[in-house]
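# Fold and contact review
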Amino acid sequence: MVRIIFCLFIAIIHLSAYSQKNGSIAGKLLDSENKPVEFASVYLTTINDSTTIVSGTITDSSGSFNLTDLSLGEFIIHFQFIGFVKQKKSVLLSEENKNLQIGDIVLQPDATTLNSVEVIAIRNMIKKTEEGIVMNASDNLTQIGGTAADLLKNMPGVLVDADGAITLRGKTPLILINGRISGIGGADRVTNLEQIPASSIERIEIITNPSAKYDADAEGGIINIVLKQNADWGTNGSVALGGGFGERYRINGSVLLNHRTSKWNFGLAYDNWFTTRTRKQNGDRIQYNLPNEYFLTQRRSDERIVQTQTARFNIDYTPNKKNNLRLEGIWLFEGQDNRETVISTTETSAYDFTGRNSRYANEIRRFHTGELLFNYTRKFSNPNQILTFNASSSIEYNRENTDLSTQTLSEQNFAIGNPFLQKTHNYEDANLTNFSVDYVHPVNDKGMIETGYKGILRFIDVDFLRSNQFNGNFVTDSVSTDIFKFSEQIHAAYLQYTGWIGDKQEPKWKYSLGIRAEQVWNKGNTIWNPVSFSNDYFNLFPSASLIYYTPKRNMFKLSYSRRINRPSLGRYNPFTDITDSLNIYSGNPKLKPELAHSVDMTYNYSFKKGSVTTSAFFRQTSNVIMPYTVVDSNGVGFTQPQNFGNASTYGLEAIISYNPFKFWSINLNVSGYNLQIEDTDPTLNIQQNQFTGYAKLINNFSLWKNGKIQITGNYTSPVAIPQGEQKEVYFVDLGLQQKILKGQGRLALTVTDIFNTQQSGYRISDSNFSFVRTRKVDTRAVMLIFAYTFRSEFKEKLLENKFKNE
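All of these numbers come straight from a predicted model, not from anything done at the bench. (Residues numbered from 1 in each chain as written. Predicted model: local features only at pLDDT ≥ 70, side-chain atom pairs only at ≥ 80, totals over all residues. Heavy atoms only, no water.)

In this section: the environment of Phe474. Within the secondary structure, Phe474 sits in strand S24 (residues 473-476). Considering only alpha carbons, one finds Phe474 and Lys423, 51 residues apart in sequence, at a separation of 8.0 Å. Among residues more than four places away in sequence, those in contact with Phe474 are Leu421, Gln422, Lys423, Ser467, Asn468 and Gln469. (Helix = DSSP H or I, 4+ residues; strand = E, 2+ residues; numbered from the N terminus. Contact = heavy atoms within 4.5 Å.)

Set out below in structure tokens:
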């Protein structure tokens, strides 16, 4: 199958577009008083993609423009300049009229950009697309100064737990950075979004039911993090600096620079985030089969010093209108110093004291990641015909060292004897390499064929060592010390056809059919205590979608796709985490990947003051993966992911945007879904019906000139999990922003978790225990941020990004 699709791919590339003679478009821009508009932007885009610029220029002193060396075909021509309403119109270059004169274009003044008018209108915060939704990072005022995980808390359909783990409609999504699988934040499929500062992000895109042209490992959908970059002409830049406090300090800063000429664009960016976070955790377990340790009470506190730094460069070279090359490099560093204390107390069922100890951990982490990327884009005579090649490779060097001390205590908290000392280290070296070729070929102005190939190579080595103090010396614990090696190859080819009925710019119907073939080889093994596994599997992933547009451009979409969820390294890794010696965790080398069929129905309705998007979704999953906890005869809880047979998920979701007044906009997202597990092992005590619901309300106000206020509220219902439920989570955030320095500067103030209510926890049980745990992180914090943008007229990069056409 892969060979067949690859041959089709080669054949389509050789179907070069028929030769066309060059054309031109000329005209003049005038204002409402018939005066020429000088230095206005005039650019041409394809009929199907308003983000792909075919040609562009600026008007001269007489307001005139002339676009030359154009292919014949149908385009959209755009006109824009500060202080005027943007305009666009369809144009056709044909053999009969290849030198088009469109005459005078009159631009109307835009009151919302004039200094003499107080601006109070608010744009929509969440933008609906055919594939999902988009939110600008700058619109998320309450999370400026945080991380990528913080930004996602306000995204529809997304849940972020206390550890920063991300789920979309109940499943882990595929996280992309600038549209690609990246080693930044983690090479083992689980991207740590706590490592990416919010200040480096331009926008977040969500695809709920991806088609065959996307990676198949996206059962929960796709979240694409688009990092900031500037492509304005000349030299431009922006800087930001923020500071504040929760229980401890928080500091962040960023710099963005670029210089662009007719053929070159050079860019540099740097972001940092420094903070100290505190956390308190309470655990209470009843152990029915242990009369002397019937009640286990744990009180845990920690202080974590965190620093994150990222630096990026890019070099773009455009020798002509048909070719573009890009080289990009990214470096990320994260350091964490964590000091943690857990006090554990045991009692009989009559509450008689039987034992207590204090376990202290001093954990030092240093993570380094470097990534290099290359992109080549080739355009043909037909502007809708595009060939793209991408290659990237990242290297990770991660080191974690932990010193552990366990001290036995009396009931009065006096030390008994000497402490028991341990040391662990967890060293990880990883390499992730991606390479892909994608080709788009238009078909008779009524459709297009997309095809391509992608390869992913992943190599990870984990060196885990545990040693215990004995007679004053540290002796290696051979049972718990080992080296784990993991390697994986994924080769995929896809073919997708997209067609439309009606006008290409505003079709009545749009449909797509696709197929993706993927071959996977992976294997893992330990060196000293032999554990090994290998997988070799081939799968086909079909997809289909149908979109209907009403005369008023409301949209109904029905889509289907088959997806896979491959276990991450953390779920395979057999090493145990003993930071809390009475609650340990390990991966499971025997895990099988999940396979899912997904159906999604979406209806989008727009009206004068807002819009409503409703979705119904269904997912049928085999080999569903979930964590399961057991408590042994020594009172040690052991958690490990397991396959639980088949499961079905069905749910409803709604996104409501409403502008009751010009100064006030509302975005409400509500969702509920139920997971039903089938064919479960009868020896496992799990809930077979698990429901989750949540609501997110975002209020935006513009009550005075150049100022904004944002108030957000989040509520997540108790979430059913296999052995119990996670506790409800709710919190309110506040953000304010004010333009200063003639619009080039911004001041922003954020207050997260105003009422200090955000905490997490869960309740689980089995035949021999019940366990309740709550966790409270210092989520209430205040941040003040100043940002300044210079020599950048068309985009304000740090606190008010706008969609760009580059």
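From this point on, the discussion continues.
All right, on to unusual backbone geometry then. Of note in this structure, Asn706 is not a glycine but carries a positive phi near 60 degrees. For Asn706, the position within the fold is in the loop between strand S37 (689-701) and strand S38 (707-716). Relative accessible area serves as the criterion here: at 30%, Asn706 is assigned to the partly exposed category. In this structure, Asn756 takes a positive phi of about 55 degrees despite not being glycine. (Buried < 20%, exposed > 50% of the residue type's maximum accessible area, 1.4 Å probe, protein only.)

On to the side chain of Ser512, then. Mapped onto the elements of the fold, Ser512 is located in strand S26 (residues 507-526). Ser512 gets classed as buried once you look at its relative accessible area, which sits at 8%. At 2.7 Å, the side chain of Ser512 forms a polar contact with the side chain of Ser545. Those residues within four positions of Ser512 in sequence are excluded, and the remaining contacts are Gln496, Tyr497, Thr498, Ser543, Ala544 and Ser545. (Polar contact = N/O pair within 3.5 Å; in protein donor to acceptor, adjacent residues only side chain to side chain.)

Our focus in this paragraph is the environment of Ile711. When you line up the elements, Ile711 lands in strand S38. Look at Ile711 and you get partly exposed, because its relative accessible area is 33%. Separated by 40 residues in sequence, Ile711 and Val751 place their C-alpha atoms 9.7 Å apart.

The next thing to look at is empty space enclosed by the protein. Take a probe with the size of a water molecule and roll it over the atoms, and the empty space left behind shows itself. Per the counting criterion, the structure on display carries 10 cavities of 30 Å³ or more. Of the volumes computed, that of the second largest cavity is approximately 190 Å³. Lining the second largest cavity we find 22 residues, and of these Lys128, Gly132, Arg169, Thr208 and Ser615 sit closest to its centre. Elements that contribute at least two residues to the lining of the second largest cavity include exactly strand S9 (132-136), strand S28 (555-565), strand S31 (594-607), strand S32 (610-622) and strand S35 (646-661). Considering only residue class, the lining of the second largest cavity consists of 6 nonpolar, 9 polar and 7 charged. (1 Å grid on protein atoms, 1.4 Å probe; cavity = no way out; pocket = protein on both sides within 12 Å on 5 of 7 lines; lining within 4 Å. Points joined across faces, edges and corners; volume = space filled by probe spheres on them. Nonpolar A, V, L, I, M, F, W, Y, C, P; charged D, E, K, R; others polar.)

A word on the sheet that holds strand S7 (residues 99-106). An order of S4-S1-S7 is seen for the 3 strands of this open sheet, with the pairing classed as mixed. Looking at the sheet topology across the chains shown, the edges are occupied by strand S4 (64-70) and S7. Each adjacent strand pair in this sheet contributes to an overall mean axis angle of 15 degrees, direction not counted. The sheet contact formed by strand S1 (residues 23-30) and S4 spans 5 bridges and is antiparallel. Counted as the bridge partner of Gly23 is Leu70 from S4. (Pairing = 2+ DSSP bridges. Axes fitted to C-alpha atoms, helices over the stretch in contact; angles between N-to-C directions.)

Another aspect to go through is the nonpolar core. Counting residues in each nonpolar core, the largest one holds 24 residues, and the members touching the most others are Ile201 and Ile223. Elements with a contribution of two residues or more to this core: S9, helix H2 (148-152), strand S11 (166-168), strand S12 (174-177), strand S13 (201-207) and strand S14 (222-227). Looking at which element gives the most residues to this core, the answer is H2, with 4 residues. Leu29, Leu70, Phe75 and Leu107 belong to the second-largest nonpolar core, a separate cluster that totals 20 residues. (Core = buried A, V, L, I, M, F, W, Y, C linked by side-chain atoms within 4.5 Å.)

Sheet topology note: the strand S23 (residues 447-470)/strand S25 (residues 482-502) ladder contains 18 bridges and is antiparallel. Paired with Leu457 across the bridge in S25 is Gln489. As paired elements, S25 and S26 share 19 bridges and run antiparallel to each other. In the sheet register, Ile501 faces S26, and the bridge partner there is Trp509.

The 5 strands are arranged S8-S9-S13-S14-S12 in an open sheet whose pairing can be described as mixed. Edge positions in the open sheet fall to strand S8 (126-128) and S12, since each of these has one partner strand only. Across the sheet, the axes of successive neighbouring strands diverge by a mean angle of 20 degrees, strand direction being ignored. Pairing analysis gives 4 bridges linking S12 to S14, with the strands arranged parallel. For Leu174, the partnering residue across the bridge sits in S14 and is Ile222.

Before going further, it helps to spend a moment on the environment of Thr774. Here Thr774 is to be found in strand S44 (residues 769-777). Of the residues examined, Thr774 reaches a relative accessible area of 19% and is grouped as buried. Spatially, the C-alpha atoms of Thr774 and Gly283 are 6.6 Å apart, while their sequence positions differ by 491 residues. Ignoring any residue separated from it by four or fewer positions in sequence, one finds Thr774 in contact with Lys280, Gln281, Asn282, Lys727, Ser760 and Gly761.

These values are about where atoms sit, not about what they do.
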